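Residue-level structural notes
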Amino acid sequence: MNCSSSDSACLRRAQRSDLPEILDLERQSFSQPWTRALFQEELAKLPPTLYVYRSTPAGPLGGYLCFWTVAGELQLINIAVHPEQRGTGLGRRLMEFLLQEARRRQAEKIFLEVRPSNLPALRLYTRMGFQVLYRRPRYYEPEGEDALVMALTVATE
Ligand SMILES: CC(C)(COP(=O)(O)OP(=O)(O)OC[C@H]1O[C@@H](n2cnc3c(N)ncnc32)[C@H](O)[C@@H]1OP(=O)(O)O)[C@@H](O)C(=O)NCCC(=O)NCCS
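The structure displayed is predicted, hence computed values, not measured ones. (Residues numbered from 1 in each chain as written. Predicted model: local features only at pLDDT ≥ 70, side-chain atom pairs only at ≥ 80, totals over all residues.)

1. Focus: the overall build of the chain
Our working rule: A run of H or I in DSSP becomes a helix once it reaches four residues, and a run of E becomes a strand once it reaches two; helices and strands are each numbered from the N terminus. The globule rule used for comparison is 2.2 Å times the number of residues to the exponent 0.38, while the radius of gyration itself is calculated over C-alpha atoms. Exposure classes come from backbone-placed C-beta atoms, where a residue is buried if 20 or more other C-beta atoms lie within 10 Å of its own, exposed if 12 or fewer do, and partly exposed in between. Residues are treated as contacting if the C-beta atoms built from their backbones sit within 7 Å of each other.
In terms of helices and strands, the chain carries four helices and seven strands. Counted from the first residue to the last, the chain has its helices and strands arranged as β-α-α-β-β-β-α-β-α-β-β. The C-alpha radius of gyration of the chain comes to 15 Å, within 12% of the 15 Å expected for a compact globule of 157 residues. Across the 157 residues in the chain, those meeting the buried criterion constitute 25%. Long-range contacts, defined as pairs at least 24 residues apart, comprise 53% of the intrachain contacts of the chain with a sequence gap of at least 6.

So, in structure tokens, the structure goes:
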């Protein structure tokens, strides 16, 4: 999706100039944040893997999501919404974009991992129709929290 100055909101592929704000949001959102080098790798990938949301093209970063296309499936790698904008429906909007991209890329399933303690994320995924497949013991380092592996079958429109 292109972002033109006439858009009232903007969800588009991330570019190098987005990195400082992505890194800020990453550090505010995760106990084991990704490094600049990891995000730089994502910027270079095709098909694109990293997307950002701004409510206006020049506005502050509202959120980002990162997903990989692997063997006809999408894997959600990360999603974060700016703390001041959480609870306003932006997470859902980013997940709807993920679904739209899954259809566009002809992926039949979307997979993700989530901490059982992350109630906002769990609620978001469940409301989107994701179901828990199984639990991966001691997945998250260093505290050793389990991960729930969730999946959604993408309905064709
Ligand atoms: C998870 C996250 C992306 C959700 O984004 P968001 O913009 O707050 O989500 P939304 O406003 O679209 O809300 C989606 C659902 O989650 C629920 N929700 C939002 N915040 C919540 C909270 N603090 N506690 C419980 N549920 C919550 C909403 O009620 C909504 O459910 P509903 O449709 O039944 O009302 C956001 O909390 C975040 O960035 N967290 C930090 C990073 C993170 O944990 N990412 C996920 C890694 S697996």
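2. Comments concerning the site of the ligand
Basically, it comes down to this: Any residue whose C-beta atom, as set from the backbone, lies within 6 Å of a molecule or strand is reported as near that molecule or strand. When residues are grouped by polarity, Ala, Val, Leu, Ile, Met, Phe, Trp, Tyr, Cys and Pro land in nonpolar, Asp, Glu, Lys and Arg in charged, and all others, Gly among them, in polar.
For the ligand, the set of nearby residues contains 19 residues, the closest of which are Arg86, Gly91, Arg92, Pro120 and Ala121. At six residues, the largest contribution of residues to the shell around the ligand is made by helix α4 (residues 119–127). For the shell around the ligand, a count of residues per class yields nine nonpolar, six polar and four charged.

3. Side note on the environment of Pro137
For Pro137, the location among the structural elements is in strand β6 (residues 131–140). Exposure remark for Pro137: the 9 C-beta atoms within 10 Å place this residue in the exposed category. Residues Pro137 and Leu148 lie 11 residues apart in sequence; the distance between their C-alpha atoms is 8.8 Å.

4. So, the pairing of strand β3 (residues 61–70)
Selection criterion: Here, any two strands with at least 2 DSSP bridges between them count as paired.
The buried fraction of β3 is high, at seven of 10 residues. Taken together, the five bridges between strand β2 (residues 50–54) and β3 define a ladder with antiparallel strand orientation. Considered in β3, the bridge of Val52 is made with Tyr64. Remark: six residues form the turn of the hairpin made by β2 and β3, two consecutive strands paired antiparallel. Sheet analysis places β3 next to strand β4 (residues 73–81), joined by eight bridges and oriented antiparallel. By the bridge assignment for β4, Gly63 is matched with Val81. Hairpin connection from β3 to β4: two residues lie between these consecutive antiparallel strands, with Ala71 at a positive phi of about 45°.

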